[in-house]
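Working through the structure, step by step
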Amino acid sequence: ESLWFRYDRNGPDVVKDFSLSVGRGELLALLGGNGTGKTTVLHLLAGLRAPQRGRLRRQGRVAMLPQNLQTLFWKKTLREDLLDQTARMDLPPAEGAAAVAEIAALCGLEGLLDRHPYDLSGGEQQRAALAKVLLTRPEVLLLDEPTKGLDPERRDDVRDLFADLSRAGGPALL
(Lines give C-alpha, C1' and ligand atoms only; values in the text may rest on other atoms or scores of the structure.)
Protein backbone atom coordinates (compact mmCIF):
# COMPACT_ATOMS: atom_id res chain seq x y z
CA GLU A 1 0.00 0.00 0.00
CA SER A 2 1.48 3.34 -1.12
CA LEU A 3 5.06 2.11 -1.53
CA TRP A 4 7.78 4.65 -2.25
CA PHE A 5 11.40 3.86 -3.02
CA ARG A 6 14.56 5.67 -4.08
CA TYR A 7 18.09 4.29 -4.39
CA ASP A 8 19.87 7.36 -3.07
CA ARG A 9 18.83 9.56 -0.18
CA ASN A 10 18.77 12.65 -2.40
CA GLY A 11 17.93 10.84 -5.64
CA PRO A 12 14.63 10.75 -7.47
CA ASP A 13 11.82 8.45 -6.41
CA VAL A 14 11.92 5.31 -8.55
CA VAL A 15 8.65 3.96 -7.16
CA LYS A 16 5.96 6.47 -6.28
CA ASP A 17 2.80 5.63 -4.33
CA PHE A 18 2.57 2.05 -5.69
CA SER A 19 -0.32 -0.06 -4.42
CA LEU A 20 -1.29 -3.58 -5.41
CA SER A 21 -3.33 -6.47 -4.12
CA VAL A 22 -3.06 -9.95 -5.65
CA GLY A 23 -4.98 -13.11 -4.98
CA ARG A 24 -4.38 -16.79 -5.61
CA GLY A 25 -4.63 -17.75 -9.26
CA GLU A 26 -4.35 -14.18 -10.55
CA LEU A 27 -2.05 -13.44 -13.46
CA LEU A 28 -0.88 -9.83 -13.60
CA ALA A 29 1.73 -8.01 -15.65
CA LEU A 30 3.76 -4.88 -14.98
CA LEU A 31 4.38 -3.09 -18.24
CA GLY A 32 6.69 -0.21 -18.98
CA GLY A 33 9.84 0.80 -20.75
CA ASN A 34 13.40 0.21 -19.60
CA GLY A 35 14.24 2.06 -16.40
CA THR A 36 10.65 2.64 -15.29
CA GLY A 37 10.99 0.68 -12.02
CA LYS A 38 9.43 -2.70 -12.85
CA THR A 39 12.33 -4.71 -11.39
CA THR A 40 12.50 -2.41 -8.37
CA VAL A 41 8.80 -3.02 -7.68
CA LEU A 42 9.37 -6.79 -7.89
CA HIS A 43 12.31 -6.49 -5.48
CA LEU A 44 10.09 -4.58 -3.04
CA LEU A 45 7.32 -7.18 -3.32
CA ALA A 46 9.82 -10.02 -2.83
CA GLY A 47 11.29 -8.36 0.26
CA LEU A 48 14.71 -7.89 -1.35
CA ARG A 49 14.47 -4.13 -0.83
CA ALA A 50 12.63 -2.13 1.79
CA PRO A 51 10.37 0.77 0.84
CA GLN A 52 11.12 4.18 2.35
CA ARG A 53 7.40 4.77 2.85
CA GLY A 54 4.28 2.69 2.66
CA ARG A 55 3.25 -0.67 4.03
CA LEU A 56 3.99 -4.08 2.57
CA ARG A 57 1.96 -7.07 3.71
CA ARG A 58 2.65 -10.51 2.28
CA GLN A 59 0.76 -13.67 3.09
CA GLY A 60 2.19 -17.03 2.16
CA ARG A 61 5.38 -17.92 0.36
CA VAL A 62 6.65 -15.44 -2.23
CA ALA A 63 9.29 -16.50 -4.76
CA MET A 64 10.98 -14.55 -7.51
CA LEU A 65 12.46 -15.54 -10.85
CA PRO A 66 15.23 -12.95 -11.32
CA GLN A 67 16.56 -11.50 -14.58
CA ASN A 68 20.04 -12.86 -13.82
CA LEU A 69 19.27 -16.57 -13.85
CA GLN A 70 22.79 -17.74 -13.10
CA THR A 71 22.43 -16.54 -9.51
CA LEU A 72 20.09 -19.52 -8.97
CA PHE A 73 22.52 -22.24 -10.02
CA TRP A 74 25.29 -23.53 -7.75
CA LYS A 75 25.66 -27.24 -8.47
CA LYS A 76 27.38 -29.29 -11.20
CA THR A 77 24.16 -30.53 -12.80
CA LEU A 78 20.64 -29.24 -13.10
CA ARG A 79 19.38 -32.37 -11.32
CA GLU A 80 21.64 -31.62 -8.32
CA ASP A 81 20.42 -28.02 -8.26
CA LEU A 82 16.78 -29.06 -8.30
CA LEU A 83 17.32 -31.78 -5.68
CA ASP A 84 19.16 -29.25 -3.52
CA GLN A 85 16.08 -27.03 -3.68
CA THR A 86 13.85 -29.88 -2.48
CA ALA A 87 16.30 -30.66 0.33
CA ARG A 88 16.14 -27.01 1.44
CA MET A 89 12.39 -27.52 1.73
CA ASP A 90 13.02 -30.56 3.97
CA LEU A 91 11.43 -33.01 1.55
CA PRO A 92 12.51 -36.65 2.05
CA PRO A 93 14.82 -37.80 -0.79
CA ALA A 94 12.17 -39.94 -2.52
CA GLU A 95 9.63 -37.09 -2.42
CA GLY A 96 12.29 -34.68 -3.67
CA ALA A 97 13.17 -36.94 -6.59
CA ALA A 98 9.48 -37.27 -7.50
CA ALA A 99 9.02 -33.48 -7.31
CA VAL A 100 12.07 -32.95 -9.56
CA ALA A 101 10.76 -35.47 -12.12
CA GLU A 102 7.34 -33.79 -12.11
CA ILE A 103 8.69 -30.24 -12.48
CA ALA A 104 11.20 -31.34 -15.15
CA ALA A 105 8.35 -32.78 -17.22
CA LEU A 106 6.22 -29.70 -16.66
CA CYS A 107 9.03 -27.40 -17.84
CA GLY A 108 10.33 -29.64 -20.65
CA LEU A 109 13.67 -30.36 -18.99
CA GLU A 110 13.74 -34.17 -18.86
CA GLY A 111 16.71 -34.56 -21.21
CA LEU A 112 18.72 -31.75 -19.60
CA LEU A 113 18.90 -32.83 -15.97
CA ASP A 114 22.45 -34.18 -16.13
CA ARG A 115 23.92 -31.11 -17.82
CA HIS A 116 25.63 -28.21 -16.06
CA PRO A 117 23.16 -25.31 -15.81
CA TYR A 118 25.68 -22.90 -17.39
CA ASP A 119 25.95 -25.20 -20.43
CA LEU A 120 22.24 -24.80 -21.20
CA SER A 121 21.04 -22.35 -23.83
CA GLY A 122 19.44 -19.12 -22.68
CA GLY A 123 15.95 -20.50 -23.14
CA GLU A 124 16.83 -23.76 -21.39
CA GLN A 125 18.29 -21.80 -18.47
CA GLN A 126 15.09 -19.77 -18.29
CA ARG A 127 12.98 -22.94 -18.03
CA ALA A 128 15.44 -24.48 -15.53
CA ALA A 129 15.30 -21.38 -13.33
CA LEU A 130 11.51 -21.39 -13.49
CA ALA A 131 11.51 -25.07 -12.46
CA LYS A 132 13.76 -24.32 -9.49
CA VAL A 133 11.55 -21.46 -8.34
CA LEU A 134 8.34 -23.48 -8.80
CA LEU A 135 9.79 -26.22 -6.58
CA THR A 136 9.46 -23.81 -3.64
CA ARG A 137 5.67 -24.07 -4.09
CA PRO A 138 5.10 -20.33 -3.89
CA GLU A 139 1.72 -18.75 -3.38
CA VAL A 140 2.91 -15.66 -5.21
CA LEU A 141 5.43 -15.97 -8.03
CA LEU A 142 7.21 -12.82 -9.19
CA LEU A 143 8.66 -13.17 -12.68
CA ASP A 144 11.21 -10.66 -13.98
CA GLU A 145 11.36 -11.02 -17.79
CA PRO A 146 10.15 -14.67 -17.73
CA THR A 147 10.25 -15.21 -21.50
CA LYS A 148 13.61 -13.56 -22.15
CA GLY A 149 15.74 -15.70 -24.45
CA LEU A 150 12.96 -18.09 -25.40
CA ASP A 151 12.12 -18.95 -28.98
CA PRO A 152 8.48 -18.36 -30.01
CA GLU A 153 7.46 -22.00 -29.43
CA ARG A 154 8.93 -22.13 -25.91
CA ARG A 155 7.52 -18.65 -25.17
CA ASP A 156 4.07 -20.04 -25.99
CA ASP A 157 4.78 -23.09 -23.81
CA VAL A 158 5.71 -20.86 -20.85
CA ARG A 159 2.66 -18.66 -21.41
CA ASP A 160 0.47 -21.81 -21.48
CA LEU A 161 2.14 -23.06 -18.29
CA PHE A 162 1.36 -19.77 -16.53
CA ALA A 163 -2.25 -19.93 -17.75
CA ASP A 164 -2.55 -23.54 -16.53
CA LEU A 165 -1.13 -22.61 -13.12
CA SER A 166 -3.53 -19.69 -12.89
CA ARG A 167 -6.58 -21.77 -13.88
CA ALA A 168 -5.63 -24.49 -11.40
CA GLY A 169 -5.61 -21.94 -8.57
CA GLY A 170 -1.82 -22.00 -8.39
CA PRO A 171 0.34 -19.13 -7.28
CA ALA A 172 -0.56 -15.59 -8.14
CA LEU A 173 1.77 -14.59 -10.99
CA LEU A 174 3.22 -11.12 -11.42
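Further up the page is the structure itself.
Residues numbered from 1 in each chain as written. Predicted model: local features only at pLDDT ≥ 70, side-chain atom pairs only at ≥ 80, totals over all residues. Heavy atoms only, no water.

We now examine the overall build of the protein. A count of helical and extended segments in the protein gives 5 helices and 5 strands. The helix and strand sequence of the protein, counted from the amino end, reads β-β-α-β-α-α-α-β-α-β. What you see for the protein is a C-alpha radius of gyration of 17 Å, in line with the 16 Å of a compact globule of 174 residues. By its C-alpha atoms, the protein is 50 × 30 × 30 Å across when sized along the principal axes. Relative to its full complement of 174 residues, the protein shows a buried share of 40%. Restricting the contact set of the protein to residue pairs at least 6 apart, pairs at least 24 apart contribute 64%. Within the protein, one finds 24 positive and 24 negative side-chain charges whose respective centroids are separated by 7 Å. (Helix = DSSP H or I, 4+ residues; strand = E, 2+ residues; numbered from the N terminus. Rg over C-alpha atoms; globule rule 2.2 N^0.38 Å. Buried < 20%, exposed > 50% of the residue type's maximum accessible area, 1.4 Å probe, protein only. Contact = heavy atoms within 4.5 Å. Lys, Arg positive; Asp, Glu negative; His and termini not counted. Charge placed at Lys NZ, Arg CZ, Asp CG, Glu CD.)

Glancing now at the packing of aromatic side chains. Summed over all chains, the structure comprises 1 aromatic pair. A centroid spacing of 4.8 Å and a plane angle of 90° characterise the contact between F5 and Y7, whose relative ring orientation is edge-to-face. Assessed through its relative accessible area of 5%, F5 is described here as buried. With relative accessibility at 44%, the residue Y7 sits in the partly exposed group. When the ring centre of W4 is taken as origin, the NZ or CZ atom of R53, which lies over that ring, is 4.1 Å away. Taking the ring centre of W74 as reference, the NZ or CZ of K132 above it sits at 4.1 Å. (Phe/Tyr/Trp six-rings, centres within 6.5 Å; stacked < 30°, edge-to-face > 60°. Lys NZ or Arg CZ within 6 Å of the ring centre and 35° of its normal.)

The next thing to look at is the nonpolar core. In this structure, L78, L109, L134 and L141 are the most contacted members of the largest nonpolar core, which totals 32 residues. Going through the elements one at a time, β3 (62-65), α2 (78-88), α3 (93-106), α4 (122-134), β4 (140-143) and α5 (152-167) are the ones with two or more residues in this core. In contact with L141, other than residues within four places in its own chain, are A63, L130, V133, L134, P171, A172, L173 and L174. Membership of the second largest hydrophobic core comes to 13 residues, among which are F5, F18, V41 and L42. (Core = buried A, V, L, I, M, F, W, Y, C linked by side-chain atoms within 4.5 Å.)

On to α4. Between the first and last C-alpha of α4 there are 18 Å, a value that for 13 residues agrees with the 18 Å anticipated at 1.5 Å per step. Most of α4 is tucked away, with 12 of its 13 residues classed as buried. Within the span of α4, buried status applies to G123, E124, Q125, Q126, R127, A128, A129, L130, A131, K132, V133 and L134. (Expected span 1.5 Å × (residues − 1).)

A side chain of one charge can pair with a side chain of the opposite charge if their charged atoms are brought near each other. Within this structure, the stated rule accounts for 7 salt bridges. Taking the shortest distance from any N to any O, the salt bridge between R79 and D114 comes out at 3.0 Å. In this pair, R79 sits in helix α2 while D114 sits in the loop between α3 and α4, placing the two residues 35 residues apart along the sequence. Judged by its relative accessible area of 32%, R79 falls in the partly exposed class. By relative accessible area, which is 56% here, D114 ends up exposed. One salt bridge connects K132 with D81, and the closest N-O pair in it is separated by 2.8 Å. Taken together, the residues span a long stretch of sequence, with K132 in helix α4 and D81 in helix α2 at a distance of 51 residues. Here K132 falls in the buried class, since its relative accessible area comes to 2%. Several salt bridges converge on common partners, so that one network encompasses E1, R55 and R57. (Salt bridge = Lys/Arg side-chain N within 4 Å of Asp/Glu carboxyl O.)

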